[in-house]
Amino acid sequence: FGAGHASLALRLSALEVAAEAGAGGVTMSAHLSKLELLDCRRGVPADACCLVALDAQALPPLPLGLVAAILSPGNLEAAERRAASGSSSSAAGVALDGFERLACAPLLSMQLRGNDSEARRADVAVAARAVHLQWNPGIVALGSYTLLEASQVLAEAAADRHFEWSDMQSVTVDMQHTDGTGLPATPAGDASDRGAGGPAVGGVLKPPAAPLHLKFSANVEQVTLAFNAEPLRGPWAGQEWDITAGETFEVAPDNLPAGVTMPHIILLSVDDVRLALTQDPPPEPGGKPELSLVIRASLDNMLCPEDQRPAAATFVMARALPPPESVGTAAGNDCSSRGSDGNGAQAVVTLDQGVATGGALEVLVDIDPVYFELRIAPLLRAIEFIERSIRKPLVRLANGGRPLPPAPVPDPASAAASARRRPRWKIMVPTAVLSMPTAADGHIEFRCVDASVGSTSIGDPTLMDLIKVDVSRVVGVAVHPRGRGPPRQLGLTIVEEQARFELTLRKPLSNAAAASLGVPFQELIIDLTKFGSTIHLGLSPADFGLLLAVWLDNFSVNPVLPKDPARAKLAQRDTTQLKVVVRMPQAVLWLHDAAESRAILQLRLDAPNIDVDKRLDGRTFVRIALPGISCFVSGEAATGASRWFQMIGPPLETPAAAAEARAAAALRGSWGDGGRGNGGSPASEAEAAARAMGATGVLVALATKGGETE
């Protein structure tokens, strides 16, 4: 496309195709040494031009030119015997010089059985040594533009009075409804004989296609998938898209230094991929086919650049978890090691769609223990790339290259029905480690077991995805650097083990619909009140510095993204881009003067509530509510033993209310003990009064150095 210069090129090396037809069906095999699909647009750098590179099994070199042969079964067997013995001759007048069947496993093998009168079956198998895939958003945009141009040309041709579409329609004759001459036995307009047949094509009856049973299997030793920033700037000739304005998210800089290339936004490496797909006809007419897919693979790693500079260093965002004894002691930013046995994390992916799933697609992923390094800027950049450089261009391509009109706000009933049809997925990991690194101050590491991430859809108040993260036995530790060597874990645990942790992300599918209803584009809810456990946090001065470094070096760094033209049309001041809600039953902060020493200060926060609201105009609102707060200091009692003394407590409403509460508590105690009270102990009276006062009470304790009573 474009001034006579090809935009896509397909290159094949050492190709051999063989097909055999018989009474049992058709069997076909293809041997191929290498296949390459190239992005040949002018200006695309060499390292980004290969979109698909398929490296099959090693093949011997074939003679140049084209060799073709059409053989009967007997002659084919004779040719195979001669090829095995190294001789060549001719058979039945067909030249066979140079025709040698390759002995290695084929890249593609396919077998078709059945015909239009019975169920058809197709078995397809693919085997390759390596497959490398690259995603350039602009080539999808170019495909959409080409489709749009082609549809316009066809529309103009259809409008031409000298052009008749019937001239291009194929005519299929059903011999069961003819008189043997190939002509219809009844007039085409008569529908009396159409019951047993199918719809009419060009005035001639066509039988319905027989159901197809498909089996597909693939074995690939190594697969790499690279997502790139668009290497070219638009718009192209005759095209109204400007990809620098956010239509395809991001482009590479114009003036890259010589020899410098843009790193991939995401580079995924997977080994030993085995795929098995089964598709059966729908059990009822008009329904969806029954689909079952199983993928087994080994995750090597997932690489991302640390920032958006052309020569940015890369880091491993996800990989197999190392042995337990090395977790927390290895370098937090050095993720080059693989699993405990030198292999990647084994993963099993199953996809099912059919009557059992209500017609919706269900995806289940089981994966071995993984190590995930959380860097906010690369993660947000990858999420935006998937949304604006993969999903949107593909949606436009599926629409024939035409941009989709703004989707109307669905009513609750239609939104609920759409939610039931949307895909559902779940990822389960037995053990996971999440690391939040800094530039040079170490990292914070969270460990958990029985982790799961799942997504469903709901339709209230608008159609949205509901993503839930559920983990057990969560522990947070601080890993500090030690001189020039690798970081080491200090004795202090930042977050004591929590039996259960859950968070929910609500993400509407349409930002326009969400904005019209006042719904945030993303709402993260962390509600720990249902578990009723207290969150214990331990910090030393070094840990405060580490937390500050995590914020400054990681969480506060945002990627520089092109403006989204759809978001620019919304009310920037009143539209919520991100909302975070945190609810906890109680949090206790333990402060240490050193990691090896005992805590010296204890701060209790009762039912803390945190709400963060970030608007499109960049403003952020933070609200923190603390219904109750108390503080205790570690001191030495008169007996010399170490104990806690309260410094701050919840205030009383009035002294009179406190006196009334004490009197009421004493009265209840005497009633419950037959007039003897509870023994007259001052401590027991104070405990009863405290229970009566509840959260409105205050307790002040004084620590003295003499022999005074406490």
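Given the structure is predicted, the values throughout are model-derived calculations rather than measurements.

**Describing the environment of A512**
Within the secondary structure layout, A512 lies in helix α5 (residues 511–517). On the basis of relative accessible area, A512 is assigned to the partly exposed category, the value being 45%. For A512 and A566, which are 54 residues apart along the polypeptide, the C-alpha to C-alpha distance reads 8.1 Å.

**Details of the nonpolar core**
Most often, soluble globular proteins keep nonpolar side chains buried together rather than apart. The biggest cluster of nonpolar side chains holds 18 residues, and the ones touching the most others in it are W135, F227, I266 and F385. Counting residues per element, the ones that place at least two in this core are α2 (137–159), β14 (290–305), β15 (314–320) and α3 (376–398). Residue contributions to this core peak at four residues, all from α2. The residues contacting I266, other than those within four sequence positions of it, are L225, A226, F227, M302, L303, C304 and A382. Counting 14 residues, the second largest nonpolar core, distinct from the first, contains L32, V220, V223 and V273.

**Focus on the pairing of strand β3 (residues 25–31)**
For a regular strand, side-chain orientation follows a simple rule: the groups alternate between the two sheet faces. Sheet topology note: the strand β2 (residues 16–22)/β3 ladder contains seven bridges and is antiparallel. Opposite E20, over in β3, you have T27 as the bridge partner. Here five bridges tie β3 to strand β8 (residues 108–113), and the two strands are oriented antiparallel to one another. For S29, the partnering residue across the bridge sits in β8 and is S109.

**Some points on helix α6 (residues 541–555)**
Here α6 is 15 residues long and its end C-alpha atoms lie 20 Å apart, about the 21 Å a rise of 1.5 Å per residue gives. When α6 is considered as a whole, its buried residues turn out to be D543, L546, A549, V550 and N554. Viewed along the axis of α6, the buried residues span an arc of 115°, placing them on a single side of the element. Residues P541 and L548 are exposed on α6 and point more than 90 degrees away from its buried face.

**Examining the pairing of β8**
In the sheet, β8 pairs with strand β9 (residues 120–135) via six bridges, with the strands oriented antiparallel. Bridge pairing links S109 to A125 in β9.

**Things to note about the confidence of the model for the chain**
Chain-level pLDDT for the chain is 74 on average; 67% of the residues reach the 70-or-more range. Contacts of residues 669–710 to residues separated by more than four positions or lying in other chains number 38 contacts, the stretch itself having pLDDT below 50.

**Considerations on the side chain of D465**
Its location among the elements puts D465 in strand β21 (residues 464–482). The class for D465 is buried, based on a relative accessible area of 17%. A polar contact is formed between the side chain of D465 and the side chain of R422, at a distance of 3.3 Å. When near neighbours in sequence (up to four residues on either side) are disregarded, D465 contacts R422, S455, T456, S457, L505, R506, K507 and L509.

**Quick notes on the pattern of salt bridges**
As enumerated under the stated definition, the model contains 21 salt bridges in all. The partner of D307 in a salt bridge is R309, and the shortest N-O contact between them spans 3.0 Å. The exposure class of D307 is partly exposed, given its relative accessible area of 26%. Residue R309 is classed as exposed on the basis of its relative accessible area, which comes to 53%. One network of salt bridges, with partners in common, ties together R11, K34 and E36.

**Notes on unusual backbone geometry**
A cis amide bond links D460 with the next residue in sequence, P461, at an omega value of 0°. Positive phi is not limited to glycine here, since D272 has a value of about 50°. Locating D272 in the fold gives a position in strand β13 (residues 266–280). At A607, a residue that is not glycine, the phi angle is positive and equals roughly 45°. Considering the arrangement of structural elements, one finds A607 in the loop between β27 (599–606) and β28 (609–615). The class of A607 is partly exposed, set by a relative accessible area of 29%.

Conventions adopted
- Numbers given for residues are sequential positions, taken from 1 along each chain in its written order.
- Under the rules for a predicted model, residues below a pLDDT of 70 receive no local features and side-chain atom pairs below 80 are neither given nor counted, while totals for whole chains, interfaces and linings still include all residues.
- The side-chain quantities take in all heavy atoms of the structure and omit both hydrogens and water.
- Each helix is a run of H or I in the DSSP string that is no shorter than four residues. Each strand is a run of E no shorter than two, and both are numbered from the N terminus.
- Categorising residues by exposure relies on relative accessible area from a 1.4 Å probe, with only protein chains included: less than 20% of the type maximum marks a residue as buried, more than 50% marks it as exposed, and the intermediate range marks it as partly exposed.
- Within this scheme, the nonpolar core is defined by two criteria: the residues are buried Ala, Val, Leu, Ile, Met, Phe, Trp, Tyr or Cys, and they are joined through side-chain atoms within 4.5 Å.
- Any two residues having at least one pair of non-hydrogen atoms within 4.5 Å are treated as being in contact.
- At least two bridges found by DSSP between two strands is the condition for calling them paired.
- Working rule for helices: expected span equals 1.5 Å times residues minus one.
- Read the arc as the range of directions from the helix axis to the C-beta atoms.
- One confidence number per residue, pLDDT, is output by the predictor and ranges from 0 to 100.
- We call two N or O atoms a polar contact when they sit within 3.5 Å, provided that within protein one can donate a hydrogen and the other can accept it, with sequence-adjacent residues counted only if both atoms are side-chain atoms.
- Each salt bridge in this description consists of a side-chain nitrogen of Lys or Arg and a carboxyl oxygen of Asp or Glu lying within 4 Å of one another.

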